[in-house]
Amino acid sequence: MLVLFFLPSWCLALENSASTNLDQYLEYFYNRYSQHFDLIGLKYQSPSYGVVGFKAAETAREIMSLAGYYKYRALGGDVVASRILKEAVVESYTKLLYKPASNYSFEDAEAMFLMVQLIEGNFDDIKIEEEKVKNLIALKIETGIQANDTENRALVAGVHWQYLADYITSQDQISKVTKEKLDKLIKNKIDFAIKGCIDKDFWYRENKWRSFSPHYQAVSAFMLMNYGHITGQEKYLEIAKKMYYNLKKISFDNGMVEAKLGNRPLGLGAQFYLM
């Protein structure tokens, strides 16, 4: 679902009427999923990642991700949906506040990103949490950036941290000197991940077996595209483009990719094809 938060803001191809059409398309699915959560609560199942039975959302990222499906109902005036979103922001804030930033991962950066997305949306009852969230990000971001993420997770974390660094800078939460320091730390994180998991031919490879995953080929390319756009660095856009054209090489004529190709995850799903 995170990719769907990125798309309206950063993908130029989805601006204007196309963005509206995407919103209209997504609203049906978000509402259908949220009605499912009405029945069972914020629980999820992911057998390919070892979550065989339904599990309640526990981490800030899980809470924000599942609650996010109530977005369109809340925008439509559903009081219960608005309450669920606000409770998710408040609970996630508390979890992130008391979790040491040295133990943060890409998940925590994503959770903060989703909190900001809701705060910047048209949700009046969530807007009152803005100062707390801004202070939390400013407090945790430097140590969080330096937390030990590897391979594609470092790319995911890096681009989310960059968004958050830009956000708190725009809100006058940090100085120009601090922002420059954060930008450098993030770039180091991104470059370290590229060196570790993208080979000279622009294929994603991970772990000591240098495993290939079409899913993480797409995720990594998408994150580098976003990082290049946010920072205005053509180098990262070029890497993303070359990774994308590699995916084209293994695609069928209709744009689909064999779901069993490569290493985990077992299926590709809508997120892959949206990216």
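Note: the structure precedes this text.
Residues numbered from 1 in each chain as written. Predicted model: local features only at pLDDT ≥ 70, side-chain atom pairs only at ≥ 80, totals over all residues. Heavy atoms only, no water.

(A) How the structure looks around the overall build of the protein. Scanning the protein from N- to C-terminus turns up 13 helices and two strands. Along the three orthogonal principal directions, the C-alpha set of the protein runs to about 50 × 45 × 40 Å. When contacts within the protein are restricted to residue pairs at least 6 apart in sequence, those whose partners lie at least 24 apart make up 69%. Total accessible area computed for the protein in this model is approximately 13,900 Å², and 53% of it derives from carbon and sulfur atoms. (Helix = DSSP H or I, 4+ residues; strand = E, 2+ residues; numbered from the N terminus. Contact = heavy atoms within 4.5 Å. Areas by Shrake-Rupley, 256 points an atom, 1.4 Å probe, with all protein chains shown as cover.)

(B) Just the packing of helix α3 (residues 60-67) against helix α6 (residues 106-119), in detail. Packing of α3 against α6 brings their axes to within 8 Å, and their N-to-C directions diverge by 40°. Seen along the crossing, α3 lies across α6 with a hand that is left-handed. On α6, the residues touching A60, R61, M64 and S65 of α3 are F106, E107, E110, A111, L114, M115 and L118. Counted by class, the contact of α3 with α6 contains seven nonpolar, one polar and three charged residues. (Axes fitted to C-alpha atoms, helices over the stretch in contact; angles between N-to-C directions. Left-handed = near helix turned anticlockwise from the far one by under 90°. Nonpolar A, V, L, I, M, F, W, Y, C, P; charged D, E, K, R; others polar.)

(C) Representation of the pattern of salt bridges within the structure. For the structure on display, the rule yields 20 salt bridges. The partner of E107 in a salt bridge is R61, with the nearest N and O atoms 3.5 Å apart. Within this pair, whereas E107 is found in helix α6, its partner R61 is found in helix α3, the two being separated by 46 residues in sequence. On the basis of relative accessible area, E107 is assigned to the partly exposed category, the value being 24%. By relative accessible area, R61 is classed as partly exposed at 25%. Put simply, K181 and E142 hold a salt bridge, and the shortest N to O gap is 2.7 Å. Separated by 39 residues along the polypeptide, K181 in helix α10 (residues 176-197) and E142 in helix α8 (residues 130-145) bring together distant segments of the chain. (Salt bridge = Lys/Arg side-chain N within 4 Å of Asp/Glu carboxyl O. Buried < 20%, exposed > 50% of the residue type's maximum accessible area, 1.4 Å probe, protein only.)

(D) Structural detail: the pairing of strand β1 (residues 43-46). The sheet contact formed by β1 and strand β2 (residues 51-56) spans three bridges and is antiparallel. For K43, the partnering residue across the bridge sits in β2 and is A56. Connecting β1 to the next strand, β2, in antiparallel fashion are four residues, including G50 with a positive phi near 90°. (Pairing = 2+ DSSP bridges.)

(E) Representation of unusual backbone geometry in the model. Of note in the backbone geometry, E151 takes a positive phi value of approximately 50° without being a glycine. When you line up the elements, E151 lands in helix α9 (residues 151-170). Of note, the phi angle at D172 is positive, near 60°, even though the residue is not glycine. Mapped onto the elements, D172 comes out in the loop between α9 and α10.

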